[in-house]
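Architecture at a glance
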Amino acid sequence: MSESLITQPPGTYSPVLYRRSLAEALEMAHGVDAVAVEERAASLAKRSLKKESKVWGLKLAVSMIDLTTLEGKDTPGKVHALCQKAIRPDPSDPTVPHVAAICVYPTMVPIVKKALQGTHINIAAVATGFPSGQTFTSIKLQEVRETVAAGADEIDMVIDRGAFLSGDFQKVYEEIAAVKEACGPAHLKVILETGELANYDQVRKASLIAMYAGGDFIKTSTGKVGVNATLPVTLVMFEAIRDFYHATGKKIGMKPAGGISNAKLALAYLVLLYETLGPEWMTPDLFRLGASSLLNDILMQLRKERTGAYQSGDYFTID
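The present account deals with the structure reproduced in this document.

How each quantity is defined
- Residues numbered from 1 in each chain as written.
- Predicted model: local features only at pLDDT ≥ 70, side-chain atom pairs only at ≥ 80, totals over all residues.
- Heavy atoms only, no water.
- Buried < 20%, exposed > 50% of the residue type's maximum accessible area, 1.4 Å probe, protein only.
- Helix = DSSP H or I, 4+ residues; strand = E, 2+ residues; numbered from the N terminus.
- Pairing = 2+ DSSP bridges.
- Right-handed = clockwise from strand over helix to strand, strands pointing away.
- 1 Å grid on protein atoms, 1.4 Å probe; cavity = no way out; pocket = protein on both sides within 12 Å on 5 of 7 lines; lining within 4 Å.
- Points joined across faces, edges and corners; volume = space filled by probe spheres on them.
- Nonpolar A, V, L, I, M, F, W, Y, C, P; charged D, E, K, R; others polar.
- Axes fitted to C-alpha atoms, helices over the stretch in contact; angles between N-to-C directions.
- Parallel < 35°, antiparallel > 145°, perpendicular 65-115°, else oblique.
- Left-handed = near helix turned anticlockwise from the far one by under 90°.
- Contact = heavy atoms within 4.5 Å.

Quick notes on the pairing of strand S3 (residues 122-126)
With 4 of its 5 residues buried, S3 lies for the most part within the structure. Alignment of strand S2 (residues 101-104) against S3, held across 4 bridges, turns out to be parallel. The residue of S3 that forms the bridge with Ala-101 is Asn-122. Regarding topology, helix H6 (residues 109-115) serves as the crossover connection from S2 to the parallel S3, and that connection is right-handed.

Written as structure tokens, this is what we have:
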């Protein structure tokens, strides 16, 4: 084990338990039939929802959104405005629910905390050297502790892809476990950055390592690389969650993120979720959509279903 992890404050860490769990994760990491995964994902994506079912699905999708801004030019004013939109996505339609969370950089957490006071919207923050993760473990853990202390309910961490692709699964595992401990009461979402993992076999393996290491959610992407969430990759991760649940009895959440920009695609993810994990996972507690531009497209679709006419995107605030 790396010295940086040994020297962390004592908590629930058990080297023997973690070694056993890592072995279990790798044992479950069998190969993935790529053709079958892609065919099933494509087939389920063709399903369509009509009228009442479509409206129900779109509102559910809104309630599952982690409304996100992760730009170097983010300002307190922009983040505050995004929080107001999260609370009342469409002021003209009170039946549209609030989103699940606002996701920001750590320095913006106090702004979000103040803006969301009295609501049930979670505060999520990226950490651990997001998006590359290329910094020292000790710095990652300190960033997590400070972010939680500032008010974050959820931490979105990135795994060490260099270690993973080099086959150093123990390092990946132990770092996730240490971050989970540093989170304290906050939930941990583990970003795999699937676009950099080469194939579905690697995605399944990384998913299992993240879950056995203590992640509360597994997440596809940072949104900062060329290939982000896809339906086939999400299906592989859903199946890993299902198998982990059958093995342990523990329900892990899932968050596809990056590139989910329209209502039709959001509904396809919900169909995939229902058909793979079932109705128990159809809740913001276990499924999120990481997005910035998605909300406006859903609001346009809901307005169309309500009024019979499409509205221009100009009728809604820019995220």
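Let's pick the thread back up.
A few points about the layout of surface pockets
Approximately 400 Å³ is the volume found for the largest pocket. Thr-68, Leu-70, Glu-71, Ala-291 and Ser-292 are, among the 21 residues lining the largest pocket, the residues nearest its centre. Along the lines of polarity and charge, the residues of the lining of the largest pocket split into 5 nonpolar, 10 polar and 6 charged.

Some words on unusual backbone geometry
In this chain, Phe-130 is followed by Pro-131 through a cis amide linkage whose omega measures 0 degrees. Along the chain, Pro-131 turns up in the loop between S3 and helix H7 (137-150). With a phi close to 80 degrees, Ala-198 is a non-glycine residue in the positive phi region. Mapped onto the fold, Ala-198 is located in the loop between strand S5 (187-191) and helix H10 (200-212).

Overview of the packing of helix H4 (residues 51-63) against helix H13 (residues 294-307)
Helix-helix packing is characterised by the crossing angle of the two axes and by the distance between the axes. Packing of H4 against H13 leaves a shortest axis separation of 10 Å and a crossing angle of 150 degrees. Between H4 and H13, the angle falls in the class roughly antiparallel. Read as a crossing pair, H4 and H13 show a hand that is left-handed. Every residue of H13 that contacts H4 at Lys-51, Lys-54, Val-55, Leu-58, Lys-59, Ala-61 and Val-62 is listed here: Leu-295, Ile-298, Gln-301, Leu-302 and Glu-305. Broken down by class, the residue content of the contact of H4 with H13 amounts to 7 nonpolar, 1 polar and 4 charged.

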